[in-house]
Amino acid sequence: MAPGVSNEKKREDEQSSRENSIHLCNPHLEKMKEDILYHFALGTGTHDFPALFGDVKFVCVGGSPSRMKAFIAYIAEELGLGSSGGDYPNICAGTDRYAMYKVGPVLSVSHGMGIPSISIMLHELIKLLYHAKCSNITIIRIGTSGGIGLEPGSVVITRQSVDATFKPQFEQVVLGKTIIRSTNLDEELAKELLQCSKEINQFNTVIGNTMCTLDFYEGQGRLDGAICLYNEEEKLQYLKEAYDSGVRNIEMESSVFAAMCNLSGVRAAVVCVTLLNRLEGDQISSSHDILVEYQQRPQKLVGYFIKKSLGKV
């Protein structure tokens, strides 16, 4: 190949890489000599981020540290990068806030419960990926949820995250002013994941809206919390209105997850299994073994997606 053509292709490749790299909406970071990711116990002055994380292409996040450790063990075996029962050290062992595990191009991170907890984690995760010079990243939240009008064990791939009034938005107060951010998720990625589920053909999977609430009890219309000032008829009317608006499940992290990934230019998806049908009750009554099997469904789907993306299916 002629030198001119080679140089031109190199410039195109570099441009493509920049277009698919992490975008930070914070000009102040460029002025900092060191960036300390306090809740990860990592920092640019103490760790070589490109060496540690530069090859990451897939990031999976979920609430529980033990679940994310189980996921990294699962994906390591699926990709042929580890053996059954292998040990995977917690990269964030210097803190008890979050847990992080890595194998090959896959990073697995816990985010705790609720919008505040996942928001803190995402700020530091996005900066980590930026400092590591990662590109073409896909971030997927895997978790559990309450279903609406679905059989327990169904998996929901989120089209939009909506708030408790069914609007596709995340509302945050910044410097005393209310900021509204979009919560749409990558449509093509959702379709790819749905196709993967059809190929697996092991459990029911749908694409639908996910309602993200600020708490587990009153915010989700439950009747079994310590405080409840509405009746069952009002609760069912609200959940049916949610269903009619396209909502198929309820959880507590998807809105800020979608908003922050959108702002950072990251392809993202939310994949949650439903543990119960909220139109039929509020308490999770399935046996431990059934719940364990349900919780494995999102990781099976995402694991298959990663394998397929890497040409290993």
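Structure's up top.
Residues numbered from 1 in each chain as written. Predicted model: local features only at pLDDT ≥ 70, side-chain atom pairs only at ≥ 80, totals over all residues. Heavy atoms only, no water.

*Asks:* Go over the packing of aromatic side chains, please, and point to the residues and values.
*Replies:* Tallying each qualifying case throughout the model produces 5 aromatic pairs. Look at F40 and Y98: their rings are 6.0 Å apart centre to centre, the planes differ by 80°, and that puts the pair in the edge-to-face class. Residue F40 is located in the loop between β1 (36–37) and β2 (42–43), and its partner Y98 is located in the loop between α3 (65–78) and β4 (100–103); the two are separated by 58 residues in the primary sequence. Comparing F40 with Y98, the two get one shared label, buried. Seen in terms of ring centroids, F49 and F53 are 6.0 Å apart; in terms of plane orientation they differ by 70°. Their pairing is edge-to-face. Note that F49 and F53 are positioned in helix α2 (residues 49–53) at a spacing of 4 residues, about one turn of the helix. Here F49 matches F53 in class, with each residue buried. A cation over a ring is seen here: R222 above F216, with NZ or CZ 3.8 Å from the ring centre. When the ring centre of Y243 is taken as reference, the NZ or CZ atom of R248 above it lies at 3.7 Å. (Phe/Tyr/Trp six-rings, centres within 6.5 Å; stacked < 30°, edge-to-face > 60°. Helix = DSSP H or I, 4+ residues; strand = E, 2+ residues; numbered from the N terminus. Buried < 20%, exposed > 50% of the residue type's maximum accessible area, 1.4 Å probe, protein only. Lys NZ or Arg CZ within 6 Å of the ring centre and 35° of its normal.)

*Asks:* Kindly report on the pairing of strand β9 (residues 177–182), identifying the contributing residues and their values.
*Replies:* With 6 bridges joining them, strand β8 (residues 169–174) and β9 adopt antiparallel strand pairing. The residue bridging Q172 from the neighbouring strand is I179, located in β9. With antiparallel pairing between neighbouring strands as the criterion, β8 and β9 make up a hairpin whose turn holds 2 residues, including L175 at a positive phi of roughly 50°. (Pairing = 2+ DSSP bridges.)

*Asks:* I'd love a proper account of the environment of I22, names of residues and values included.
*Replies:* Inspection of the secondary structure assignment puts I22 in the loop between α1 (3–19) and β1. In this structure I22 comes out as buried when scored by relative accessible area, which is 8%. Residues I22 and H131, spaced 109 residues apart in sequence, show a C-alpha to C-alpha distance of 9.1 Å. Those residues in contact with I22 that sit more than four places away from it in its chain are I126, L129, Y130, C134, I137, S264 and V266. (Contact = heavy atoms within 4.5 Å.)

*Asks:* Any chance you could break down the packing of α3 against helix α8 (residues 288–309) for me, citing the residues and the numbers?
*Replies:* At a minimum axis separation of 10 Å, α3 and α8 run at an interaxial angle of 40°. Regarding the angle of α3 to α8, the classification is oblique. Pair α3 / α8 crosses with right-handed handedness. Contacts between α3 and α8 involve R67, A70, F71, Y74, I75 and E78 from the former and Q295, Q299, K300, V302, G303, I306 and K307 from the latter. Counted by class, the contact of α3 with α8 contains 6 nonpolar, 3 polar and 4 charged residues. (Axes fitted to C-alpha atoms, helices over the stretch in contact; angles between N-to-C directions. Parallel < 35°, antiparallel > 145°, perpendicular 65-115°, else oblique. Left-handed = near helix turned anticlockwise from the far one by under 90°. Nonpolar A, V, L, I, M, F, W, Y, C, P; charged D, E, K, R; others polar.)

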